[in-house]
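Chain by chain, the residues:
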Amino acid sequence: MKYSIKIFLSLFLSALVAFSAAAQKKNAKIDVAEALKGYFTPVTTPSVTPDAEGFIRRWMILEPISKPNSTNRVFTDSYTRENLSVEYFPNQLTVIPKDGDKVKVRMEYQPPVDLTARRPAGNQQDGPKYVDATLTWHALDSDHFFIKLFRFATGLGKDRYGVIFWTVTVINCEEDIENVRLSVGSNKAAMWWVNGQELLLLSGDRHMGVDSAVSERITLKKGRNILRGATMNGPGMSEICVRFIDDYGKPVTNYTITCN
Amino acid sequence: MKRLTIIAAMLLSGVLSFAQTGAPFIHDPSTIVECDGKYYTFGTGSGGLISEDGWSWHSGAVRSGGGAAPDAIKIGNKYLVVYGTTGGGMGGGHASQIMTMWNKTLDPDSPDFRYTQAVLVAESLVDEDCNAIDPGLLLDPTTGRLWCTYGTYFGHIRQVELDPVTGMRVEGNEAIDIGRNMEASTMMYRDGWYYLLGTHGTCCDGVNSTYNIVVGRSRSVNGPFIDNVGRSMIQGGGKSVITTEGRLVGPGHFGRFIEEEGVEKMSFHWEADMDQGGRSVLGIRPLLWKDGWPVAGEAFREGTYAIQSVRSGYALELEVDFIRAQGANRGFGRGGDAQPVAAIEAQKLEDVISTWPEGVIRARNGYYMARPWQRWSIIPVPEAGGYLGGPYYKIIIAGTERALAANSKAEVETVPAFTGADEQLWRIDQLTDGTFRIMPKSIPGHSEPYALVSLGDSSPTLAPFDFHNDNCKWDFRFFYPVE
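Q: I keep staring at the interface of chain B and chain A and nothing clicks. Help me out?
A: Often, the extent of an interface is quoted as the loss of accessible area on bringing the components together. Each side of the interface is counted separately: chain B has 20 residues, and chain A has 21 residues. Of the residues in the side of chain B that touches chain A, the class split is five nonpolar, twelve polar and three charged.

Q: Is there a simple way to explain the pairing of strand S8 (residues 189-194) of chain A in this structure?
A: When a strand is regular, its side chains alternate between the sheet's two faces. Residue and element names in this part refer to chain A. Burial within S8 is extensive, with five of its six residues counted as buried. Note: S8 against strand S12 (residues 223-232), six bridges, orientation antiparallel. The residue bridging Trp 192 from the neighbouring strand is Gly 229, located in S12. Strand direction decides the pairing type here: S8 and strand S9 (residues 197-202), joined by five bridges, are antiparallel. Across the sheet, Val 194 pairs through a bridge with Gln 197, a residue of S9. What sits between S8 and S9 in their antiparallel hairpin is a turn of two residues, with Asn 195 showing a positive phi close to 50°.

Q: Can you help me understand the sheet that holds strand S1 (residues 21-22) of chain B in this one?
A: Note: strands within a sheet are paired through backbone hydrogen bonds, in either parallel or antiparallel orientation. All names here are of chain B. Strand order in the open sheet formed by five strands is S1-S5-S4-S3-S2, with mixed pairing between adjacent strands. A strand with exactly one partner marks an edge of an open sheet, and here the two such strands are S1 and strand S2 (33-35). Pairing of strand S4 (residues 47-51) with strand S5 (residues 56-62) involves five bridges; the strand directions are antiparallel. Bridge pairing in S5 places Ile 50 opposite His 58.

Q: Is there a simple way to explain the environment of Asp 321 of chain B in this structure?
A: All names here are of chain B. With respect to the helices and strands, the residue Asp 321 is situated in the loop between strand S23 (315-318) and helix H2 (349-352). C-beta crowding within 10 Å serves as the criterion here: with 10 such atoms nearby, Asp 321 is assigned to the exposed category. Once the C-alpha coordinates of Asp 321 and Trp 373 are considered, the two residues, 52 residues apart in sequence, prove to be 9.4 Å apart.

Q: I would appreciate a short explanation of unusual backbone geometry in the present structure.
A: Note on backbone geometry: most residues besides glycine have negative phi, and most peptide bonds are trans. Residues and elements named next belong to chain B. Residue Pro 224 is reached from Gly 223 by a cis peptide bond, and omega for that bond is 5°. Mapped onto the secondary structure, Pro 224 falls in the loop between strand S16 (212-218) and strand S17 (239-242). A positive phi is found at Ala 184, a non-glycine position, where the angle reads about 55°. With respect to the secondary-structure elements, Ala 184 resides in strand S14 (residues 183-190). Looking at Ala 184, the number of C-beta atoms within 10 Å reads 30, which means it is buried. Notably, Ala 370 is not glycine yet its phi reads approximately 55°, a positive angle. Of note, Ala 370 is situated in the loop between strand S24 (361-366) and strand S25 (376-380). Classification of Ala 370 as exposed rests on a count of 12 C-beta atoms within 10 Å.

Q: Would you mind going over the sheet that holds strand S9 (residues 119-124) of chain B with me for this structure?
A: All names here are of chain B. Taking strand neighbours across the sheet as the criterion, the four strands line up as S6-S7-S8-S9 in an open arrangement whose pairing is antiparallel. Edge positions in the sheet fall to strand S6 (68-75) and S9, since each has one partner strand and no second. Here the average twist between neighbouring strands, direction ignored, is 20°.

Q: Honestly, the domain arrangement of chain B in this entry has me stumped. Any pointers?
A: All names here are of chain B. Each assigned domain of chain B is listed here: domain 1 (18-296) and domain 2 (303-322 + 346-480). When each unit is reduced to the centre of its C-alpha atoms, the spacing between domain 1 and domain 2 is 36 Å. Taken together, the contact between domain 1 and domain 2 spans 19 residues of the former and 15 residues of the latter. With six residues, strand S20 (residues 279-290) is the largest single contributor of residues to the side of domain 1 that touches domain 2. Across the side of domain 1 that touches domain 2, the residue classes break down as nine nonpolar, four polar and six charged.

Q: Even after reading the chapter, I still don't get the environment of Leu 196 of chain B, so can you show me in this structure?
A: All names here are of chain B. Looking at where Leu 196 falls in the secondary structure, it is placed in strand S15 (residues 193-200). Of the residues examined, Leu 196 has 30 C-beta atoms within 10 Å and is grouped as buried. Put simply, Leu 196 and Met 233 are 37 residues apart on the chain and 8.1 Å apart in space, counted from C-alpha to C-alpha. Setting aside its immediate chain neighbours within four residues, Leu 196 contacts Ile 178, Gly 179, Ser 185, Met 187, Val 215, Gly 216, Gly 223, Phe 225 and Met 233.

Q: Quick question: what am I supposed to make of the nonpolar core here?
A: Taken as a class, soluble globular proteins show a tendency for nonpolar side chains to be buried jointly. Ranked by size, the top nonpolar core spans 134 residues in total, and within it Ala 190, Ile 240 and Cys 241 of chain A together with Cys 148 and Val 241 of chain B carry the most contacts. It is strand S6 (residues 163-173) of chain A that contributes the most residues to this core, seven residues altogether. Those residues in contact with Ile 240 of chain A, other than ones at most four positions away along the chain, are Phe 146, Ile 147, Leu 149, Val 184, Gly 185, Ser 186, Ala 190, Met 208, Gly 229 and Thr 231 of chain A. Core analysis: the next-biggest nonpolar cluster, separate from the first, contains 40 residues, Ile 395, Leu 425, Ile 438 and Met 439 of chain B among them.

How each quantity is defined
- Residues numbered from 1 in each chain as written.
- Chains lettered and ligands numbered in written order.
- Predicted model: local features only at pLDDT ≥ 70, side-chain atom pairs only at ≥ 80, totals over all residues.
- Contact = placed C-beta atoms within 7 Å.
- Nonpolar A, V, L, I, M, F, W, Y, C, P; charged D, E, K, R; others polar.
- Buried ≥ 20, exposed ≤ 12 C-beta atoms within 10 Å, placed from the backbone.
- Helix = DSSP H or I, 4+ residues; strand = E, 2+ residues; numbered from the N terminus.
- Pairing = 2+ DSSP bridges.
- Axes fitted to C-alpha atoms, helices over the stretch in contact; angles between N-to-C directions.
- Domains from an automatic or database assignment.
- Core = buried A, V, L, I, M, F, W, Y, C linked by C-beta atoms within 7 Å.

Structure, rendered in structure tokens:
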């Protein structure tokens, strides 16, 4: 009997310790600067300008929304539009978030990635399962001309494959800037909007190249212009690079960038 | 119906002239290497292809180590083979290694055939921004230094330096990032430029694979490599070298083979050859250079052409009487321009052939007038074998069996009928400047590899080939389907 009690107490204590450790891990506040080191730096200044080549490096990025895609072959125009038109969170096409803002999302569950495997784990045998999640917006400056969304996800311990990234930034112009074009490089499917107007849809299994897709001419109006993108990946890398260019392909740089 | 027949014939002939023959099934081929008169290329897995002539390919090459996407290079009297231990991790981790090993010969039947123990020269960890696969080798002809590039879409294309004597990583060498977002990288050097080649698009998806080969260049072996519109390869740039062509889909994994100055070939795979069940097959094309950029030449198409000397524009023709075309002498300034305009029929073979001798007729060059004695049908002869990237052709006067032939005096003539003799078979190589070299398979009583040369404007002969001499170059113009 005493022996049984010992075993029971031992198991109970072990479980308590494990639960406590898990709870601590879950509630631990991630050091974002450290977690994203080498790729992003948390925003500390009121505004920035584009870099010398016109690339926009300051972004509000929402933690990834799980949308399992086990292959990049699915990213047709219609699939991309259909799946990026789903309302994942309220006002997703109008919100101008602040750093730390939370978003409640109902999204598909996917098992953790097995880094010893060559392919993502399947999730479709029993049909999709849904989970409720609270995701956070992060105000970040990219350390590079590109925005490595993949490392944003892995750095924060989030799903890395089969996810959707929402990105927002604010372009501040002192005067109207006419005849500029939104230029996006993206190695995954994406949609992009300026001031609510859809400008680009990038489909297919792409590679990220500078000026891979360029919009028709638009006018960046005096004051604030909202630039918004949604990027959907499957397996593999996900990164984007974004700038405005003129009719000669030269970067447009006479504006500032803020998060909100 | 006749038109449809012609188109069908073109398509059928296209099969013969576009893809390698035999069983050229391979994925991720290494750069073609010649060893003791045979050609070798290795692919993903443990095997590869061998060819006796460069046109007909069969399995049989042997590579140890397994893994994927090797490359090979001859250094001194040995062969260095490099490969990745994995094929890349799309949705999992990205741990992989690049290994090198030597062999004294690539002939698996040779007693000297034995790979050395493979050594690790580069690797990627499970979760870093690189996936160490798809290696490519460059032995810098200006310095003798050996470079290896590797990587895939997952992160960077990296470059490391290897010791050309040992094949091992140079001690203390740090990998540098030279590209991104591509696969199957390799490098080459030409005229003061270093070129970084890679493959964009999707592999391994059969007829839906979007693979295509791109390039950037730099004055430094370490880059940055810039494309034709100023984008760095590390920004995802890349000028097109070759894309899908009709029923041949998804070219990838570039390799360069220099036969001699002015004669270069590029090897790669087609992700899918729709005429061979959608299998991945070896592709070989002429490698051309235009404004300092490499581009794929065209596979030579069976057809009827004028064969014009680059020296003069004169066209290869039969040494026969010039028969005047009828009905075209209108004169000038006689008021006849008010008459109705009507087309004039071109001179036909039957209008002139009766004036031609029946036996051997010498060949010469003349002003090109699109006349029957200047129209040559060029048709592959599959049973005659081939050379690197192409089959031998017969060259006959259109509508006849009169065939161009080399004779025992190393001169060029035509014989009444094609017999299949070696001196009636012709090798056609597109040169790096886009013009062509024409060579007989053999010359009776001669062993020299002579080419068709215009020593005088009107005087073709067989003589040594010199890439820097326009006498040695020809253009094929005014294509028509074979009649």
